[in-house]
Structures are given as C-alpha cells and as structure tokens.
Amino acid sequence: MTDTGDTARLSGPDARAWFLAFADRISRGADDLTDLDRRAGDGDFGWNIDTSLGRARSALQDIDAVHPAEVFGTVSDTFLASGGTSGPLFGLWFGRVAHGPEEPWTVADLAMAFDTATAAVQRLGGAQVGQKTMVDAMAPAVQALAGTARPGWREALGEAAEAASAGADSTGGMVARKGRASYLGERAADVVDPGALSIAWFFASAADV
Amino acid sequence: MTDTGDTARLSGPDARAWFLAFADRISRGADDLTDLDRRAGDGDFGWNIDTSLGRARSALQDIDAVHPAEVFGTVSDTFLASGGTSGPLFGLWFGRVAHGPEEPWTVADLAMAFDTATAAVQRLGGAQVGQKTMVDAMAPAVQALAGTARPGWREALGEAAEAASAGADSTGGMVARKGRASYLGERAADVVDPGALSIAWFFASAADV
Amino acid sequence: MGRFVMNARENLVQQALEGLEVSDGDLVRLNRDPDFVTRAEPARDEVAVVSGGGSGHEPLHTGFVGRGMLHAAVPGDVFASPTALQVRAAIEATDTGRGTVLIIKNYTGDVLNFSIAADLLSNTHTVETVLVDDDLATSSEEEGGPGRRGTAAVVVTEKVCGAAAAEAGASVDRVRDLGRKVVSRSATLGMSFRAPTNPLTGLRSFELEEGEVEFGVGIHGERGIETRRPSGEAADLVESLASPLVEALGLDRGAPVLAVVNGLGATHGLELSVAAFELRRFLEGKGLSLERTLVGPYVTSLDMKGFSITLTALDDELTELWDAPVHTPALR
Amino acid sequence: MGRFVMNARENLVQQALEGLEVSDGDLVRLNRDPDFVTRAEPARDEVAVVSGGGSGHEPLHTGFVGRGMLHAAVPGDVFASPTALQVRAAIEATDTGRGTVLIIKNYTGDVLNFSIAADLLSNTHTVETVLVDDDLATSSEEEGGPGRRGTAAVVVTEKVCGAAAAEAGASVDRVRDLGRKVVSRSATLGMSFRAPTNPLTGLRSFELEEGEVEFGVGIHGERGIETRRPSGEAADLVESLASPLVEALGLDRGAPVLAVVNGLGATHGLELSVAAFELRRFLEGKGLSLERTLVGPYVTSLDMKGFSITLTALDDELTELWDAPVHTPALR
Ligand SMILES: Nc1ncnc2c1ncn2[C@@H]1O[C@H](COP(=O)(O)OP(=O)(O)O)[C@@H](O)[C@H]1O
Ligand SMILES: Nc1ncnc2c1ncn2[C@@H]1O[C@H](COP(=O)(O)OP(=O)(O)O)[C@@H](O)[C@H]1O
Ligand SMILES: [Mg+2]
Ligand SMILES: [Mg+2]
Ligand SMILES: [Mg+2]
Ligand SMILES: [Mg+2]
C-alpha cells in the first residue's frame, strides 16, 4: 500500500496506481476468466481484457496523470480500441467515468461518475440487473458509492468492492439474457459471469493502492 | 433453263435466279460439305453456308433486284451476319462484287467485280493460291473471266465454272496453310476444301439460270 | 491460401486501404492508427456523414467517400466491426461544428461501437444516428431480437444523406431524418449460388448441391433462410426476390421506385444486366415505375456468387437527392 | 445451369444489353438487329471511335461508350466475335463524316470481321484501325503466327482515342496514331486462381490443384503458359507479373507509368487494392514513377478469379489524354 497523501480525494497518481493494481489482478486471473467465458461464451474474455489492460499499462506510463479523468480516459481508449463485446463496454464505462471533474475526486465525484457511466452501459448495452452481465457488478457498486457515509475514497471504494463482489457472485445462479452466454440458456446458469467478476476485481484493486 | 432476255448482260433477275440455283445446290450438298469440314476442320461448314443462303433466299424475295449489285449486296449481308471463317469471307467476296455498276453487267463488269472481290479476300484472309482455301477456286475463275473471248455472260461464267472446279479439285492434294485445316497438316491433305468446292458450285449454278 | 491476393492475413485490410490511396488518392485520404478514410478535400461547413463496418464488402464503405456522399468511412477487419476508437476519431476529424450523422448497418458489433463513440462525444459533439435494417430475410416478430440486418440499402442511405448534407444550410436533424426516411422506404433480399471463400482458410462458408440456391442470404457468408431449387431462369430468380419486396413496401400501381441490383462478389456484369432487365419487366408487370437504378457490385460479400435486389419507394425529395452530383471512388 | 443469372443461353447477350439500357439509359442506346450500343447523345462532329468483341468481358466494351471514350461498341456472343454486319452498321451509325477509328483486340475472328466491315465501306467511309496486342504471355518469334492477344491495354487505348477524338478538329489519322502509340507502349500479363465457368455447361474451363496458379492467362478461359506454385504472398504474385512488363517495355528509372490492375471477374476489391499497393511498392523499388492507376474489374473473363497488370509508358501527351473528362457507364 502506497501513501499518496489526501485520504478524501482520489488523485491522478492514485487512479493510476489503482489501474496498475487492477492490471496485475487481471494478469493473474486471466486464465480463470477465459475459462468462465469458455463455459458460457466463446472463451476469449480473459485474453481480451488482459490485452487491453496491458496496453493501458504502457499508455499510463506516458501521461502526467494530473487528475483521475485523464487516467480513466487513457484506459478507456485502450478498451475502445479492442473488439468483442466487453472491450467497447468497458471503454464506454471508463470513458464516461472520465467525464468527472479535472481535479482530484471526492467520494461524491466518484459516486456521480460511476453512476453516469453505468447508466451509459445499461443504455447502450441494453442489459438490466439480473441478466448475467457486467452490469450485475456495476449497479450494486454504484449504489454502495451513492449510499456510503465514508468520506475517504479508499473506504468508499472498499464498500463498492464488497457490493460488486456480491453482485458478481449472484450471476452464478442466473440464466443469461444478454451476450453470447444467452445462447446457452440453462446450460450455463451455474457459471459466474466473467465480466461481472472483473468489475468486482476492479473495485477490490483500489485497496492495493 | 429460264430465258431472261439479254444474253450479253447479266440482269438483276438473272443474278437472283443464279443465287437461287446456288442455294439449291448447297442445300443438296450441305451434308457432303460438312463431312469435308469434319475431316479437315470443325464440321460446321455445310451448316454455316446453308443457313446463310437460306436467309439469302428469303431476303431476295423482298428486294426489287433491278440490277446485280443489289442482289450481290443482299446476299453479302446474310453472309456478313454469320460467324465462323467462311461466312464473313463469303460476305466480303459478294459484298465487293456488289461494288459493280448499278445496271446490268457485261462480261467485263463481271470480270472486274470478281477480280476486286477476290483480291479483297486474299488481302484480308491472307491466303495465297495453293494454301487449300476458297481462294484456290476463286483465283482461277477470275483468270478465266478476265481471259475469256465469249461476249455472253452464260458462256463466260461457264468457263469460270470449269476453272473453279479444277481449282477446287486441286485442293484435294494440298496441305492447308490457312484456317482450321492447317492444324491437321498432312493428315488432311487428301480432303477437298469445302470452301473451294462451294465456289465451284457457285459458278456452275449460273448454268441453271 | 494462394487463392486470395494478399500477404499476411493481418495486413489485408491495412494494405488494401493503402491500395485505395494508390488508386484514388485524388479523392480520399487514409488516416492511420486509428484507421479511417476521409475525403482528400474536406468539406468546410457541412453536416458530416460517417459510416463504416466490417471489410470484405468493398466498395462499401470506403469507396463511397467523396463529394456528395460520405465524409468518412471507418473500416473494421474482414466481417468485423471497426472499434469505437476508430469511429470516435473519424467523427472528431470530420465534424465541422455542424454535427455528424452516423449511418450504421444493423449488426450487434457495429451498433455497439458506433453508439459508444457517439455517446462518448455527447458533451462536445452533436451526433445523430441512422440505423439501416433493410434485409427482409431477417424480419421476425420476436420482441427484443437483433432485428433485420443492414445490407444494400445502406448505399442509398449514404447517397441521400451525403446529398442532403451538401445542400446549403442543411441541419443534422434533416440529414438524419432523410436517412431514416430512406430506410423506412427500403427493403432488400439476396440469394447466393456459391458461398464466399474465407481468405484465412480458403474454405467456403457453406456448400450447395448442383442446382441449389441459397435464398435470403446476408453479406457475411452465413446461410440464408432457405435452400431452394429454382428453375434456373433469371426471370424466376428475380421475381422470387422482388415480389416479397413489393409486398413488404406496400407499393401501389404507379409508385416510383429506385432499384439496386447488387452483385455480391463474383457475379458477372452480364448477369447483373440480365437481372436488371428482368426486374424492369417484373416491375412493369406490377404497374410500378422503375425510375432509377444502380446495377453493379456495390455491397459485396468477398467472392460470393449471387445478387441482391433493393427497392426504395421514391418521392420527389428522394429522387432529387439521388440525382445530386456525387464524386467518390465507386460512385460518380 | 442455376449458377448463372440468365434465361435461355441464346438470349443472354441480348437481354444483358437491354439491361444495360435499364441501368445506363441516360448514357447509352441499344440498336437492335444488328446489335450495337451507341451514345445516348451522339457526338456531332468528331472522329468516331468504335470497338467491340466477344461478350463475357463486361464492362468492356459496352460500358465504355460515352463522352470522351467510345462512340459505339459492338458485342458478339460470349467469347465470340461480333459479325461484320454489326460492325459495319455501327460504323455507318456513328460516322459524322470525319471518319472512324476501329479498335480491335487481336483475335482471328475479331480481326476478320472488323477488317471486312472496314473494307466494304472503303468507297464511302474513311476507316482506320488500331490493333491491340498487349499480352506478353503470347509473345513468340514465330513468323506468320497469330501474334499477341489483345487484353486490358484495350481500355487505355479506348480512353486515349476517345479523348483525342473529342479534341476540336482532331483528324482520323491523329486518333489512329495515338491509339497505336498506346499499344506500342503497353504490355499486360495475367494470372488465374480459378478458371471461369462456362454459362452453358456450368463447367470450369480448367482445373487447378490447391496452391496452384495459372500464369499468363488470357481472357477466354484458356490455360496460360505455365502452372505455378507461388508463395501465396501478394508481393510475389505482383512481381511475377510486373517484372517482365518493365523489362519488355524497356522502362528506365524515372519513367512515368500508367498501371491497370484489372480484376478478371471474381477477384475482390480488397484483393485488387492489395495488388495496387504492392505494385506501387514494386515500381518504386525499380525507381519508376506510378503516375496514374486504374484499379478494378474492367476486362473480365466471366467469373474467373485472378487479375492482370497492364503497364503503359506515359508521356505528357498520353497523360493529358488519360486525364481528359470521360462519362461512360463504367468509367467516369
Ligand atoms: N449487452 C451487454 N451489456 C453488458 N454487458 C454485456 C452485454 N453482453 C455481454 N456483456 C458482457 O461481456 C462479457 C463477454 O465479453 P467478451 O468475451 O469480450 O465478448 P464476446 O462475447 O464478443 O466474445 C460477458 O461476460 C458480459 O459481462
Ligand atoms: N484465311 C483464309 N482465307 C480464305 N479462306 C479461308 C481462310 N481460312 C479458312 N478459309 C476457308 O474457310 C473454310 C472453313 O469455313 P468454316 O467452316 O465456316 O470456318 P471455321 O473454321 O471457323 O469453322 C475453309 O474450307 C476455307 O475454304
Ligand atoms: Mg467472449
Ligand atoms: Mg469474442
Ligand atoms: Mg468449320
Ligand atoms: Mg466453326
């Protein structure tokens, strides 16, 4: 854990550290994610997300990261440049988060940014909670951020991480209604959705900053 | 034999009658011509020429035939409208003959017309005498017409027919240098050239007018 | 592998784009990384009309960049959507401040990437979308399904929107509405005699028996809705495509029609001309007036042998825009 | 039989011609019986440029009738010469009194029928001929042989002659001489991945094994001069065609070149663009300047898969004529 100063506001370097931690987590778990996608989709999820984050890792070296918006925007671009379904949706999500203020973010800023971003993903991807997608982890995290009483970003994100993790777990009993997994119906009902799991890991990675 | 008046000049109706007789001769001999072309070419000659003359027969009904040029021109067109090698060459030959004067023809007119026509066939087809083509019957007929002392067209054409017939016969011992037969070389040397034989029949048909 | 003129598979689209600059460098420019194609001479003060999609359908879309049609085309890999980043960059590069109309063929990937690009620019750019879903073969009553595929009507949409954008003062809403109007008045059906060959494997995407025809095909080598054994007469083939279109569009006697007789790749010009001849005969028999035609390989599916027919119900406004000047690599 | 969009075989060409009038009636007119195609708006006072030949090579020649190119095109049946009667009628229909230039691809039947038509009109019309014999694959030292075949350089010849004829006061000799100049400065080589299918029998004119390519093909489905097993890299394919052309034309460093990258029927636009890209790379490597290009299916051989490259050594005069305005169904 690196001390980056202000505990109330998320700085640019904080955000960068958060993404580097996330990238590490994904690298370690890529095979597991791919395996989930193999059982409920076309088996490329782990590779897709790992590649995008690999590119994000080097892109993040090249920027100043003076505020989180810049960091989220940079990561968004690396996802937007990839194919598949999750790449552009993650790109949209991070890209919408990057519309937050161009200064360090309060918990309220974080809550607002992830709220708009998740709304955009739902609008464009068309998925509701309960349809076994990344939205099942995003939506509870947004709710946790909106409802938190904690003024520090680490603690607030910790609550979001718990909510997202519970959301991801819940997909293990769902029949998919969106994405490739929906073609399999009941047959893939017990598989956890890799997109949702990744979102849970994303929030959890804030704890490693 | 029909008496059509003037014995010195070939009239339009004479020329028409000549072609009708020629068309009959070809109809009777079409299978033989095709057989020759089968042995030395692609076996469509009889069909090609018979079809063209069939169309000529009906076209000749529709014209006034006031002079031979009109008749030869009409027949030329039916040959020019056909494919293969002999069709266009016959069309050229008759078409060039049709450049003769627009009045009944003297023997001198006939000699001149067939001379230019044969020269055109040789120029455009590239065949010399002795190369086993229609030219082997055309050239001796032209010479006979040019050298004849007979003032009547029937007699002059009779001499041309004899010369053409001898010319056609001579192809029975030639190795072809032009047209499809040339691909067969020595193997088709003993076959009479159907193009030359048709020319001999053409001149001989004048006797049936 | 030797059956496709290409180098390494992963360079195919990129090198073909550079080749387009070789053949049509006077009309179009290639932007690299992200890849998209713009006009060599950008418009100064027009609503930008941008389209794109997977490659393998050339001359669509890159061949339609130019005066009177597209301002930019965004090519994906063969039969794969371009990325949202490419689309976003193309919008940013061509927006003159008057807004952008995105023309999107209805495929999940295209819709996703184009919409995301538009959404991410929503705080700085005005971006409107036209979704092209003309393929009658994929009509279905199902709620929430993917909807009809986008096929050759996209050419008519691009032409009309491009012409509208070129009119002095045209607004982004007008260009968008005209595009949607074209879509609502258009329908397409296609058939295939031979599936396309995958450039990667050299294999055909499906096989047909002698005399069989795949009816209702799209443009990605997928099977159609039915394998048929038609008479082999062009007249019957054309009628089987055109008749459902006339019905679906509800065309009444005397209605003015635009037809696109579109070659899907390996269909010869002679064949397309015979199809055009038969189509006129068929439409005349229905009392319809074939006012405008576009005959040729405009929306291909690699080297598929087959053709599609698109009908668009014209009115004076659409006819005028169809007739407006256009200067692109593939349509002039 | 179902694999070709046509009705009865004997109506194919006729109905395709009527279809051309459907698609391009604003530019061309069909004369029937004898069949030939003329401009919808005849030139008033120009040397007439007339070409033609067997069908199955569309858009050649009918697609090149129009302002700045041909005044008439005379189509034969598939792969068969038109008749002398058709050619004669086309000359008579388009001669404005300024004379006619006939552009003839070097095939026995075409040469015979076109020459006969010209000869029969020699007492009333001035008719000059340009014989196109650009196909390097058929070069031979043999005396009195049929000579090289005429292939894609005919498009360049038609374009240049048509542009020359449109110049005020151009004489028939000048138009002819320019055509002959193009021919003398052009050469072509083609290769095939898959032979064309005969529309009558549904059979291919030759078969190739996996990985084989037929090198030096013409445009009538005949085998080429050699069956090869090239690397499958576009770069190698292009070099094998272009390198002999550069040598045959004796092109020196810096020489300005026009290239036609021609699809033979079923070759996709992506492939032709890759070929254009590789051709520029190859020519630049030789220090040659690729000044102008024409990339597309212009001289086809039914649905043959393959392509040809034509190089023409330009000079200022030819470049100017190449750039002159043209408005035909296939080239604008
Ligand atoms: N409509 C959708 N809305 C939100 N997320 C979706 C949607 N469709 C799929 N997903 C997410 O995408 C993930 C699959 O991503 P990926 O493997 O990259 O896509 P693809 O199916 O194209 O290979 C799923 O685990 C799911 O979380
Ligand atoms: N170059 C030529 N000049 C004159 N006559 C020729 C020439 N080539 C062929 N012929 C004539 O054409 C005849 C064959 O005609 P036809 O069967 O119609 O042609 P094809 O070989 O095209 O089927 C031959 O018998 C010969 O008399
Ligand atoms: Mg997947
Ligand atoms: Mg995938
Ligand atoms: Mg024969
Ligand atoms: Mg024959």
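Residues numbered from 1 in each chain as written. Chains lettered and ligands numbered in written order. Predicted model: local features only at pLDDT ≥ 70, side-chain atom pairs only at ≥ 80, totals over all residues. Heavy atoms only, no water.

1. Quick notes on the relation of the copies chain C and chain D
Condition: Fitting of the copies onto one another was done by least squares over C-alpha atoms, counting residues only where both copies have pLDDT of at least 70.
In the superposition of chain C on chain D (RMSD 0.0 Å, axial shift 0.0 Å), the rotation amounts to 180°. The operation mapping one copy onto its partner corresponds to a two-fold rotation axis. Taking C-alpha positions as the reference, the residue of chain C nearest the rotation axis is alanine 266 of chain C, at 2.1 Å.

2. Remarks on the site of ligand 2
Residues and elements named next belong to chain B. Rule in force here: Being near a molecule or strand, for a residue, means having at least one of its heavy atoms within 4 Å of it. Nitrogen and oxygen atoms within 3.5 Å of one another constitute a polar contact, given that in protein one can donate a hydrogen and the other can accept it, and given that sequence-neighbouring residues count only through two side-chain atoms. Throughout, the Shrake-Rupley method with a 1.4 Å probe supplies accessible areas, and for residues the shown protein chains are the sole cover considered.
Near ligand 2 you find 19 residues, and of these Thr85, Ser86, Gly125, Arg180 and Asp193 are the closest. Taking aspartate 37, its side chain carries an N or O atom lying 3.2 Å from an oxygen atom of ligand 2. Contact distances for ligand 2 include 2.6 Å between an oxygen atom and a side-chain N or O atom of aspartate 193. For ligand 2, the accessible surface in isolation is 570 Å², of which the surrounding protein chains cover 93%.

3. Points about the coordination of the magnesium ion (ligand 4)
Residues and elements named next belong to chain A. So the rule is basically this: Because water is not among the atoms used, a metal site may look incomplete, as its donors are only the N, O and S atoms within 2.8 Å, or 3.2 Å for Na, K and Ca. Type-normalised accessible area, obtained with a 1.4 Å probe on protein chains alone, sets the label of each residue: buried when under 20%, exposed when over 50%, and partly exposed for intermediate values.
Around the magnesium ion (ligand 4), the protein contributes the donor atoms Asp42 (OD) and Asp44 (OD), at 2.1 to 2.2 Å from the metal centre. Between the magnesium ion (ligand 4) and the magnesium ion (ligand 3), a separation of 3.6 Å is found, and both are coordinated by aspartate 42. A relative accessible area of 26% means that aspartate 44 is categorised as partly exposed.

4. Digging into the site of ligand 1
All names here are of chain A. What counts, and what does not: By the criteria applied, helices consist of DSSP H or I runs no shorter than four residues and strands consist of E runs no shorter than two, each listed in order from the N terminus. Throughout this entry, Asp, Glu, Lys and Arg are counted as charged residues, while Ala, Val, Leu, Ile, Met, Phe, Trp, Tyr, Cys and Pro are counted as nonpolar. The remaining residues, Gly among them, count as polar.
Neighbouring ligand 1 are 19 residues; Asp42, Thr85, Ser86, Arg180 and Asp193 lie closest to it. Within the side chain of aspartate 37, an N or O atom sits 3.2 Å from an oxygen atom of ligand 1. A distance of 2.9 Å is found between a nitrogen atom of ligand 1 and a backbone nitrogen or oxygen belonging to glycine 125. Contributions of two or more residues to the shell around ligand 1 are made by helix H2 (45-61), helix H4 (86-97) and helix H8 (194-205). Considering only residue class, the shell around ligand 1 consists of five nonpolar, eight polar and six charged.

5. Here's the deal with the interface of chain B and chain D
Let me state the cut-off plainly: Only heavy atoms enter the contact rule, under which two residues are in contact if any of them lie within 4.5 Å. When two parts are put together, the accessible area they lose, computed with a 1.4 Å probe and summed over both, is reported as buried area. For this document, the term salt bridge refers to a Lys or Arg side-chain nitrogen within 4 Å of an Asp or Glu carboxyl oxygen.
In this complex, chain B contributes 17 residues to the contact, which on the side of chain D involves 12 residues. Buried area between chain B and chain D, summed over both chains or domains, comes out near 1,100 Å², and the portion from carbon and sulfur atoms is 65%. Looking at the side of chain B facing chain D, the largest losses of area belong to Leu80, His99 and Leu124 of chain B, adding up to 43% of the total buried there. The tally of links from chain B across to chain D stands at three salt bridges. A salt bridge links aspartate 77 of chain B to arginine 88 of chain D, with the nearest nitrogen and oxygen atoms 2.7 Å apart. Inspection of the region where chain B meets chain D yields seven residue pairs in polar contact (both at pLDDT 80 or more). Secondary structure elements with two or more residues in the side of chain B that touches chain D: helix H3 (68-80), helix H4 (86-97) and helix H5 (107-125) of chain B. Sort the elements by how many residues they give to the side of chain B that touches chain D and H4 of chain B lands first, with six residues.

6. Some words on the coordination of the magnesium ion (ligand 3)
Coordination of the magnesium ion (ligand 3) by the protein comes from Asp37 of chain A (OD), Asp42 of chain A (OD) and Asp44 of chain A (OD), over a distance range of 2.0 to 2.4 Å. Look at where the donors of the magnesium ion (ligand 3) fall in the sequence and you get D-x4-D-x1-D.

7. Quick look at the domain arrangement of chain C
All names here are of chain C. Defined as follows: Domain boundaries shown here were taken from an automatic or database domain assignment.
By the assigned domains, chain C splits into domain 1 (9-185) and domain 2 (186-313). Here the C-alpha centre of domain 2 lies 23 Å away from the C-alpha centre of domain 1. Contact with domain 1, which involves 29 residues of that partner, is made by 33 residues of domain 2. Interface of domain 1 and domain 2: buried area, both sides summed, is about 2,300 Å²; carbon and sulfur atoms make up 65% of it. Three residues, Phe79, Leu136 and Arg185, lead the burial of domain 1 against domain 2; their summed loss comes to 25% of the area buried on that side. Counting across the domain 1 and domain 2 interface gives one salt bridge.

8. Observations regarding the sheet that holds strand S12 (residues 305-313) of chain C
Residues and elements named next belong to chain C. To keep it simple, the criterion reads: DSSP bridges decide pairing: two strands pair if at least two such bridges lie between them. What counts as an axis is a line fitted to C-alpha atoms, over the stretch in contact for a helix, and the angles between N-to-C directions run from 0 to 180 degrees.
Read from one edge of the open sheet, six strands run S9-S8-S7-S12-S10-S11, paired in mixed fashion. Both outer strands of the open sheet, strand S9 (226-228) and strand S11 (289-296), are each paired with one neighbouring strand and no more. Sheet twist, expressed as the mean angle between neighbouring strand axes with direction ignored, is 20°. With two bridges connecting them, strand S7 (residues 186-194) and strand S8 (residues 213-215) associate as antiparallel partners. The residue bridging methionine 191 from the neighbouring strand is phenylalanine 215, located in S8.

9. Focus: the interface of chain C and chain D
Listed per partner, the contact involves 53 residues of chain C and 52 residues of chain D. Counting the surface chain C buries against chain D, the share from its top three residues, Arg3, Val5 and Leu270 of chain C, is 17%. For the pair chain C and chain D, the interface holds two salt bridges. In this structure, the salt-bridge partner of lysine 305 of chain C is aspartate 303 of chain D, at a minimum N-O distance of 3.7 Å. When residues of the side of chain C that touches chain D are assigned to their parent elements, the largest contribution, 10 residues, is made by helix H7 (residues 269-285) of chain C. For the side of chain C that touches chain D, the per-class residue count stands at 25 nonpolar, 14 polar and 14 charged.

10. Some remarks on the packing of aromatic side chains
The following threshold applies: Pairing of aromatic rings covers Phe, Tyr and Trp, the last through its six-membered ring, and needs centres within 6.5 Å; plane angles under 30 degrees mean stacked, over 60 mean edge-to-face, and all others mean tilted. Geometrically, a lysine NZ or arginine CZ counts as sitting over a ring once it is within 6 Å of the ring centre and also within 35 degrees of the ring normal.
Evaluation of the coordinates by the stated rule reveals 50 aromatic pairs over all chains. Pairing phenylalanine 79 of chain B with phenylalanine 94 of chain B gives two aromatic rings, centres 5.5 Å apart and planes at 40°, and the pair type is tilted. Taken as a pair, phenylalanine 79 of chain B in helix H3 and phenylalanine 94 of chain B in helix H4 lie far apart in primary sequence, 15 residues in all. Classification of phenylalanine 79 of chain B by relative accessible area gives buried; the value is 1%. Residue phenylalanine 94 of chain B is classed as buried on the basis of its relative accessible area of 1%. The cationic tip of arginine 25 of chain A hangs over the ring face of tryptophan 201 of chain A; the distance from NZ or CZ to the ring centre is 3.7 Å.

11. Focus on the pattern of salt bridges
Tallying each qualifying case throughout the model produces 57 salt bridges over all chains. Aspartate 24 of chain B serves as the salt-bridge partner of arginine 57 of chain B, at 2.9 Å between the closest nitrogen and oxygen. One end of the pair, arginine 57 of chain B, is in helix H2 (residues 45-61); the other, aspartate 24 of chain B, is in helix H1 (residues 12-40), and 33 residues separate them in sequence. Given a relative accessible area of 28%, arginine 57 of chain B falls into the partly exposed group. Between lysine 305 of chain D and glutamate 271 of chain D there is a salt bridge whose closest N-O contact spans 3.2 Å. Placement of lysine 305 of chain D in strand S12 (residues 305-313) and of glutamate 271 of chain D in helix H7 (residues 269-285) is noted, with a sequence separation of 34 residues between them. Per residue, the accessibility class of lysine 305 of chain D equals that of glutamate 271 of chain D, and both read buried.

12. Some thoughts on the arrangement of the chains
Contact analysis covers three pairs of chains in contact, and the most contacts occur between chains C and D. With respect to C-alpha atoms, chain B approaches chain C no nearer than 21 Å, and the pair has no contact. Between chain A and chain D there is no contact, and the shortest C-alpha to C-alpha separation is 21 Å.

13. As for the environment of leucine 89 of chain B
Residue and element names in this part refer to chain B. Within the secondary structure layout, leucine 89 lies in helix H4. Using a relative accessible area of 9% as the deciding quantity, one classes leucine 89 as buried. Between the C-alpha atoms of leucine 89 and alanine 117, which are 28 residues apart in sequence, the distance is 10.0 Å.

14. Examining the pairing of strand S5 (residues 100-105) of chain D
Residue and element names in this part refer to chain D. Heads up, the condition is: For a crossover, the right-handed case is the one in which the path from the first strand over the helix to the second runs clockwise, viewed with the strands pointing away from the viewer.
Within S5, six of the six residues are buried, leaving the element largely enclosed by the surrounding structure. Burial of S5 is two-sided: the residues Thr100, Leu102 and Ile104 facing one way and the residues Val101, Ile103 and Lys105 facing the other way are all buried. Where strand S3 (residues 48-55) and S5 come together, four bridges link them in parallel fashion. Bridge pairing links alanine 48 to threonine 100 in S5. As paired elements, S5 and strand S6 (residues 127-132) share six bridges and run parallel to each other. Looking across to S6, one finds that leucine 102 is bridged to threonine 129. As for the winding sense of the linkage, the β-α-β connection from S5 through helix H3 (residues 108-120) to S6 is right-handed.

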